[in-house]
Amino acid sequence: MRFEILRLDDIDGTPVDRTVVDASSVNRIVQQAAAIGQRIWIRPAETSAS
């Protein structure tokens, strides 16, 4: 499963950066964000049906 991670602005919470990662990377990214006090939003990535 893949997840979309949005880095949020410290002032108003608007998304300023977006990345899509696999499930095994989510924990590392959460730990990094927590260490520096960064606000993030994680949600399942949209999948395109082909």
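Figured I'd write up the structure that's included with this text. All figures in this text were calculated on a predicted structure; none of them were measured in a lab.

## Topic: the overall build of the protein
In terms of helices and strands, the protein carries 1 helix and 3 strands. Reading the helices (α) and strands (β) of the protein from amino to carboxyl end gives β-β-α-β. Out of the 50 residues in the protein, the part that is buried amounts to 24%. Taking contacts inside the protein between residues at least 6 apart in sequence as the whole, the part at least 24 apart equals 47%. Carbon and sulfur atoms make up 50% of the accessible area of the protein, which amounts to about 3,900 Å² in all.

## Description of the nonpolar core
One broad trend across soluble globular proteins is that nonpolar side chains are buried collectively. Phe-3, Ile-5, Val-21, Val-26 and Ile-29 form the largest nonpolar core, which has 5 residues in total. The set of elements that each furnish at least two residues to this core consists of strand E1 (2–8) and helix H1 (23–36). With residues near it in sequence (within four places) discarded, Val-21 still touches Met-1, Arg-2, Phe-3, Ile-5, Val-26 and Ile-29.

## Considering the pairing of strand E2 (residues 15–22)
Pairing analysis gives 7 bridges linking E1 to E2, with the strands arranged antiparallel. The residue of E2 that forms the bridge with Ile-5 is Thr-19. The loop that links E1 with its antiparallel partner E2 comprises 6 residues; one of these, Gly-13, has a positive phi angle of about 80°.

What counts, and where the lines are drawn
- Each chain carries its own residue numbering, running from 1 in the direction its sequence is written.
- Under the rules for a predicted model, residues below a pLDDT of 70 receive no local features and side-chain atom pairs below 80 are neither given nor counted, while totals for whole chains, interfaces and linings still include all residues.
- Processing note: side-chain calculations cover all non-hydrogen atoms of the structure and skip hydrogens and water entirely.
- Strands here mean DSSP runs of E at least two residues long; helices mean DSSP runs of H or I at least four residues long; both are numbered from the N terminus.
- Burial classification: accessible surface area is computed with a 1.4 Å probe over protein chains only, and a residue below 20% of its type maximum counts as buried, one above 50% as exposed, and the rest as partly exposed.
- Contacts are assigned to residue pairs with any non-hydrogen atoms lying within 4.5 Å of each other.
- Accessible areas in this description were obtained via Shrake-Rupley with a 1.4 Å probe; residue shielding takes into account the shown protein chains only.
- Here, the term nonpolar core denotes a set of buried Ala, Val, Leu, Ile, Met, Phe, Trp, Tyr and Cys residues that are joined through side-chain atoms within 4.5 Å.
- Two strands pair if DSSP finds at least two bridges between them.

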